[in-house]
Amino acid sequence: MPAHDRDRDRDPAVEAAIEAELRLLDPEVRSSPELTGALLHPGFHEFGASGRHWDRASIIEALAATTEPGTRPFAVSHMKGARLAPDLVHLTFDTENNGRCAHRSSLWRRNTEGDGWLLYFHQATPFGDTVQ
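Note that the coordinates shown come from a computational prediction; the quantities given were computed from them, not determined experimentally. (Residues numbered from 1 in each chain as written. Predicted model: local features only at pLDDT ≥ 70, side-chain atom pairs only at ≥ 80, totals over all residues. Heavy atoms only, no water.)

Structural notes on the pairing of strand β1 (residues 40-47)
What counts here: For two strands to be treated as a pair, DSSP must find at least two bridges joining them. Strands here mean DSSP runs of E at least two residues long; helices mean DSSP runs of H or I at least four residues long; both are numbered from the N terminus.
Relative to strand β6 (residues 117-127), β1 runs parallel, the two being bridged by four bridges. When the sheet's bridge partners are listed, phenylalanine 47 is paired in β6 with glutamine 123. Relative to strand β2 (residues 53-55), β1 runs antiparallel, the two being bridged by three bridges. Directly across from glutamate 46, in β2, lies its bridge partner tryptophan 54. Counting the residues that bridge the hairpin from β1 to β2 gives five residues, and of these glycine 51 lies at a positive phi of roughly 95°.

Here's what the structure looks like:
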């Protein structure tokens, strides 16, 4: 596909959600309650790869406690997104971190109090040799 066709097909909302998702996967962001919290919607919840249900406060606390500076970032592949509504983007992608692989799905909502996007819902499902 010619470059101009690819550019025309890009959705700025999807691109912004992808950028925010990649920031959230950065170990420096994950280790900071302030930086993580700035990316999470007040109503955020997650079903993690462990099967645990997380709310906003519990995931911020857990990430800050378990993410050490200098930690190797997640390897991300197959990331794609679709705008489901004017203020809602759905992302799907795979991650690998220390041999643990997961299929991931995220819903990002436009921040009503400014520019940008906030993670509203996330789900991770393990796959590969890590599935027991």
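Right, picking up where we left off after that structure.
Brief notes about the pattern of salt bridges
In plain terms, the rule: Salt-bridge detection follows one rule: a side-chain nitrogen of Lys or Arg within 4 Å of a carboxyl oxygen of Asp or Glu. Working definition: with a 1.4 Å probe on protein chains only, accessible area under 20% of the residue-type maximum means buried, over 50% means exposed, and in between means partly exposed.
For the structure shown, the criterion picks out two salt bridges. Put simply, arginine 83 and aspartate 11 hold a salt bridge, and the shortest N to O gap is 2.6 Å. Remark: aspartate 11 occurs in the loop between α1 (3-9) and α2 (12-24) and arginine 83 occurs in strand β3 (residues 75-85); sequence separation between them is 72 residues. By relative accessible area, arginine 83 is classed as partly exposed at 36%. Linking arginine 110 and aspartate 87 is a salt bridge whose minimum nitrogen-to-oxygen distance equals 2.8 Å. Residue arginine 110 is located in strand β5 (residues 100-110), and its partner aspartate 87 is located in the loop between β3 and β4 (88-97); the two are separated by 23 residues in the primary sequence. Take arginine 110: its relative accessible area is 34%, and that puts it in the partly exposed class. Residue classification places aspartate 87 among the partly exposed positions, given a relative accessible area of 41%.

Details of the confidence of the model for the protein chain
Quick note on the threshold: Confidence of the prediction at every residue is given by pLDDT, a number between 0 and 100. Contact criterion: two residues are considered in contact whenever any of their non-hydrogen atoms come within 4.5 Å of each other.
Overall, the prediction assigns the protein chain a mean pLDDT of 88, with 89% of residues at 70 or greater. Predicted confidence for residues 1-8 stays below pLDDT 50, and this span has two contacts to residues more than four positions away or in other chains.

Notes on α2
The criterion, for reference: Expected span, for any helix, means 1.5 Å times one less than how many residues it has. Throughout, the arc means the angular range of directions from the helix axis out to the C-beta atoms. Throughout this description, a polar contact denotes any pair of N or O atoms lying within 3.5 Å of each other; where both atoms belong to protein, one of them has to be capable of donating a hydrogen while the other can accept it, and for residues adjacent in sequence the pair is counted only when both atoms sit in side chains.
Here α2 is 13 residues long and its end C-alpha atoms lie 18 Å apart, about the 18 Å a rise of 1.5 Å per residue gives. Every buried residue belonging to α2 is among Ala13, Val14, Ala17, Ile18, Ala20, Glu21 and Leu24, and all of these are buried. Projected down its long axis, α2 carries its buried residues within an arc of 165°, all on one side. Structural note: α2 exposes Pro12 and Glu19 on the side pointing more than 90 degrees away from its buried face. The N-cap of α2, judged by a side-chain oxygen 2.8 Å from the amide nitrogen of alanine 13 a few residues on, is aspartate 11.

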